[in-house]
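Chain by chain, the residues:
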Amino acid sequence: MPIYETKLKRRQEIADGTMAFYFEKPVGFEYKAGQFADYTLVNPSETDTEGNIRGFSLASAPYEDDLMSATRMRDTAFKRVLKTMEIGTGLMLDAPYGSFTLHNNAKVPAVFLTGGIGVTPVRSIILQASRDKLPHKIFLFYSNRRPEDAAFLGDLMSAQETNPNFTFIATMTEMEKSSQDWDAETGYITNDMLTKYIPDLAAPIYYVCGPAAMVAAMRKILNEAGVDDDNIRTEEFAGY
Ligand SMILES: Cc1cc2nc3c(=O)[nH]c(=O)nc-3n(C[C@H](O)[C@H](O)[C@H](O)COP(=O)(O)OP(=O)(O)OC[C@H]3O[C@@H](n4cnc5c(N)ncnc54)[C@H](O)[C@@H]3O)c2cc1C
């Protein structure tokens, strides 16, 4: 892939401990919803043994003006630099990569299973599908401890209002630690929760995204429910 130059335009805390970073979209840069980019810091103020490159999903949808990625702000040199660098600082972008993209056959439903920061490519896919008025039936199961921890809840709720083919099932696993109200699902994503919303578990293509442990747990639930591995696509966030 060609290497592009980009610049940080702005950053924003979008959930507890989670920040979104907005970058200039380089001229000629095109990507598909669900793909990711390798970002390289240029002459960073500090570095550590993990280096100056991180792969982040493009959480922005291709129709949006800026590129946007979001991450859990752990205390590593790369993320400290990203959090404090001046607006306008340049980075190198090696992208786009990945095949975690929506299938073409609109007769086959898509079910996304994710939690926490694993939602990043899913935001891109769902916003783009809504914008393009795609006929695919899309279900998103999105698990977090509390609403305070859940990135992009507002964007996804809005998508459900405008896209009649999209069903959004957000679930919280530790509401006792939350100061917000929540009148939707609670508890982990389970076989029972899936069957409550999906009439035939064998019909959809499943998309699972997040840290390796989350991906493994979701695949186990799907396999136990009789879903064929051929119908499960995964994106593992190595490094968590
Ligand atoms: C396709 C893809 C998409 C991703 N999208 C996102 C995203 O949207 N948001 C997000 O927050 N994170 C995403 N990640 C994870 C991200 O790249 C970082 O690894 C993560 O954010 C942790 O970085 P850190 O600086 O906090 O931790 P650190 O542990 O300091 O950094 C992680 C570093 O260790 C390396 N590493 C550690 N363990 C492994 C391993 N098992 N396999 C390979 N490399 C390893 C990584 O390459 C990285 O350089 C994605 C990863 C992949 C592969």
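Predicted, not measured: the structure shown is a model, and the values here were computed from it. (Residues numbered from 1 in each chain as written. Predicted model: local features only at pLDDT ≥ 70, side-chain atom pairs only at ≥ 80, totals over all residues. Heavy atoms only, no water.)

**A look at the nonpolar core**
By size, the foremost hydrophobic cluster in this structure holds 36 residues, and its most contacted members are Phe112, Leu140 and Tyr142. Elements supplying a minimum of two residues to this core: β2 (18–23), β5 (67–72), β7 (110–115), α2 (120–131), β8 (138–144), α3 (153–162), β9 (166–172) and β11 (205–210). Not counting the four nearest positions on each side in its chain, Phe112 is found in contact with Leu102, Val122, Ile125, Ile138, Phe139, Leu140, Phe141 and Tyr207. Formed by 20 residues, the second largest nonpolar core is a distinct cluster that contains Met19, Phe23, Phe56 and Leu67. (Core = buried A, V, L, I, M, F, W, Y, C linked by side-chain atoms within 4.5 Å. Buried < 20%, exposed > 50% of the residue type's maximum accessible area, 1.4 Å probe, protein only. Helix = DSSP H or I, 4+ residues; strand = E, 2+ residues; numbered from the N terminus. Contact = heavy atoms within 4.5 Å.)

**Examining the packing of aromatic side chains**
Across all of its chains, the model carries 11 aromatic pairs by this definition. Ring geometry for Tyr39 versus Phe56: centroids 5.9 Å apart, planes at 45°, classification tilted. With Tyr39 in strand β3 (residues 36–41) and Phe56 in strand β4 (residues 53–57), the pair connects residues that are 17 residues apart, well separated along the chain. Judged by centre distance (5.9 Å) and plane angle (75°), the ring pair of Phe141 and Tyr197 falls under edge-to-face. Residue Phe141 is found in strand β8, and its partner Tyr197 is found in helix α4 (residues 191–197); the two are separated by 56 residues along the sequence. The rings of Phe23, Tyr39, Phe56 and Phe78 are connected pair by pair, giving a single aromatic cluster. Residue placement shows Arg10 over the ring face of Tyr22; its charged tip is 3.7 Å from the ring centre. Arg123 extends its terminal NZ or CZ atom over the ring of Phe152, reaching a point 5.3 Å from the ring centre. (Phe/Tyr/Trp six-rings, centres within 6.5 Å; stacked < 30°, edge-to-face > 60°. Lys NZ or Arg CZ within 6 Å of the ring centre and 35° of its normal.)

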